[in-house]
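# Structural features, examined
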Amino acid sequence: MPRVNTKLVCWEEVVDWCRKLAEAVEASGFKPDLIVSIARGGYIPARLLCDFLDVHDLVSLQVLHWGKAAEITAVAHVKYPYDLNLSGKRVLLVDDILDTGDSVIVARDYILSRWKPAELKIAAMQWISSVAKIKPDFYVEEVKDWIWYQYPWTRAEDTTNFFEKIISERVKEQKSEWSYEELVNEFKEWYGIDVGDSYYKLAVKRLKKNGKLEEKEGRYRVRY
Ligand code: ADP
């Protein structure tokens, strides 16, 4: 059994989910004039929704919330506040997933109070209904048991953070040295997914670069 419930998401699934999301928006009769993507997770779903819904106006708002390796480390807030006049416009606010829902709540409240659109609705591919503080107007999957969706756009970042998590936990058990294969095997065991060799290599390279690991004759040692 993996230690962290993780789902490896492929690009085709994302396209499929966004097509379904667009169908749900259309079926509701809601016709957005503009899509607002929540950066960074909402970028790709928002762009696909523009295509499927034939919407040509797309802007973005960066909301910071999540930290490393599936852990919340900060209070959600708008990173680069700016103003737009959206009076009379219908807005579709898009994110990849509603987990706690905090990012979407912060973005929604910001847009309603400062950009003043005529109407705003929320769309996300996944809705973790057991923890989210709000329900999106449109979603494809209702998730009851919490899971980390390993989306293709965070693969390098997640792999690096997951390795870092393994290393920091294993150090507590006096383990401080691995071969590349051992590291990869621990990753697969902990997360129950296989992201492929190119991502493992990229992540290990990053950990070496940021001083977390050092390599000597094919062995990787933790740097304190
Ligand atoms: P929301 O945007 O719904 O308020 P959160 O504030 O809970 O969501 O999370 C912010 C961002 O962190 C999400 O848009 C997503 O990119 C990422 N994220 C959060 N939870 C998960 C998860 N369970 N799986 C994958 N990515 C997640």
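Residues numbered from 1 in each chain as written. Predicted model: local features only at pLDDT ≥ 70, side-chain atom pairs only at ≥ 80, totals over all residues. Heavy atoms only, no water.

## Digging into the domain arrangement of the protein chain
For the protein chain, the assigned domains are domain 1 (6–150) and domain 2 (152–222). Placing the centre of domain 1 and that of domain 2 at their C-alpha centroids yields a distance of 31 Å. Between domain 1 and domain 2, the contact holds 18 residues from the first and 15 residues from the second. Remark: the boundary between domain 1 and domain 2 carries 1 salt bridge. (Domains from an automatic or database assignment. Contact = heavy atoms within 4.5 Å. Salt bridge = Lys/Arg side-chain N within 4 Å of Asp/Glu carboxyl O.)

## Digging into the confidence of the model for the protein chain
Parts of the prediction with low pLDDT should not have their coordinates interpreted in detail. Averaged over all residues, the pLDDT of the protein chain is 95; the fraction at 70 or higher stands at 96%. When pLDDT is averaged over each element of the protein chain, helix α2 (residues 43–53) comes out on top at 99 and strand β4 (residues 72–78) at the bottom at 77. (pLDDT = per-residue confidence, 0-100. Helix = DSSP H or I, 4+ residues; strand = E, 2+ residues; numbered from the N terminus.)

## Thoughts on the sheet that holds strand β9 (residues 177–179)
The antiparallel open sheet is built from 3 strands, whose spatial order is β9-β11-β10. On the outer flanks of this sheet lie β9 and β10 (213–216), each paired with one strand and no other. On average, adjacent strands in this sheet sit at an angle of 30° to one another, irrespective of strand direction. Judged from the 4 bridges that link them, β10 and strand β11 (residues 219–222) form a sheet pairing that is antiparallel. Within the sheet, the bridge partner assigned to Glu215 lies in β11 and is Tyr220. Helix-sheet contacts for helix α5 (residues 180–191) involve β9, β10 and β11, and the interaxial angle to β9 is about 95°. (Pairing = 2+ DSSP bridges. Axes fitted to C-alpha atoms, helices over the stretch in contact; angles between N-to-C directions.)

## Details of the environment of Arg90
Structurally, Arg90 can be placed in strand β5 (residues 90–98). Here Arg90 falls in the partly exposed class, since its relative accessible area comes to 30%. For Arg90 and Lys121, which are 31 residues apart along the polypeptide, the C-alpha to C-alpha distance reads 8.1 Å. Apart from residues no more than four positions distant in its own chain, Arg90 is found in contact with Phe30, Lys31, Pro32, Asp33, Leu34 and Glu119. (Buried < 20%, exposed > 50% of the residue type's maximum accessible area, 1.4 Å probe, protein only.)

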